[in-house]
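Residues per chain are reported as follows:
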Amino acid sequence: MTRFKTLFGTAKPVIGMVHLGALPGSPLHDARTGIDGLVESAREDLAALQEAGFDAVMFGNENDRPYEFDVDTASTATMAFVIGQLKDKIAVPF
């Protein structure tokens, strides 16, 4: 528990999920809003979670359906790009 308390400031952290929209290449991806839309939506989720007092956040792409066991390079790169765009706004561990 000491490691948790050191990292999160509490022994039992509450961790919220920043949900990314469907990524490029997945059937539900919104090409109209594109990557900028993914970043803006994630920025709003991140702000809401931090303002609500969550101890940490995770990033997920639950909107990529159908779910697959193999992750493609484009998904990984897009998630990294979106998180990188939010880096200066992340005030809690992620």
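These numbers come from a predicted model, not from an experiment.

## A short note on the pairing of strand β1 (residues 15–19)
Stage number 1. On β1, burial follows the alternation: Gly16 and Val18 on one face are buried, whereas Ile15, Met17 and His19 on the facing-out side are not.
Stage number 2. Where β1 and strand β2 (residues 56–60) come together, 5 bridges link them in parallel fashion. Note on β2: the bridge partner recorded for Gly16 is Val57.
Stage number 3. In this region the chain leaves β1, passes through helix α2 (residues 34–51) and returns to the parallel neighbour β2; the handedness of that crossover is right-handed.

## Some words on the side chain of Ser75
Stage number 1. Relative to the helices and strands, Ser75 is located in helix α3 (residues 73–86).
Stage number 2. Once you skip the residues sitting within four places of it in the chain, Ser75 turns out to touch Leu23 and Asp64.

## So, the layout of surface pockets
Stage number 1. In this structure, the largest pocket spans a volume of roughly 370 Å³.
Stage number 2. Taken together, 18 residues line the largest pocket, and the ones lying closest to its centre are Asn61, Asp64, Pro66, Glu68 and Ser75.
Stage number 3. Per-element accounting of the lining of the largest pocket gives the leading share, 3 residues, to α3.
Stage number 4. Taken together, the residues of the lining of the largest pocket sort by class into 6 nonpolar, 6 polar and 6 charged.

## Regarding the pattern of salt bridges
Stage number 1. Applying the stated criterion across every chain yields a total of 2 salt bridges.
Stage number 2. Residues Asp30 and Arg32 are paired through a salt bridge, measuring 3.7 Å at the closest nitrogen-oxygen approach.
Stage number 3. Where Glu40 meets Arg43, a salt bridge forms, and the shortest distance between an N and an O atom there is 3.4 Å. Placement of both Glu40 and Arg43 in helix α2 is noted, with a separation of 3 residues, approximately one turn of the helix.

The rules we used
- Residues numbered from 1 in each chain as written.
- Predicted model: local features only at pLDDT ≥ 70, side-chain atom pairs only at ≥ 80, totals over all residues.
- Heavy atoms only, no water.
- Buried < 20%, exposed > 50% of the residue type's maximum accessible area, 1.4 Å probe, protein only.
- Helix = DSSP H or I, 4+ residues; strand = E, 2+ residues; numbered from the N terminus.
- Pairing = 2+ DSSP bridges.
- Right-handed = clockwise from strand over helix to strand, strands pointing away.
- Contact = heavy atoms within 4.5 Å.
- 1 Å grid on protein atoms, 1.4 Å probe; cavity = no way out; pocket = protein on both sides within 12 Å on 5 of 7 lines; lining within 4 Å.
- Points joined across faces, edges and corners; volume = space filled by probe spheres on them.
- Nonpolar A, V, L, I, M, F, W, Y, C, P; charged D, E, K, R; others polar.
- Salt bridge = Lys/Arg side-chain N within 4 Å of Asp/Glu carboxyl O.

By themselves, these figures tell us nothing about what the structure is for.
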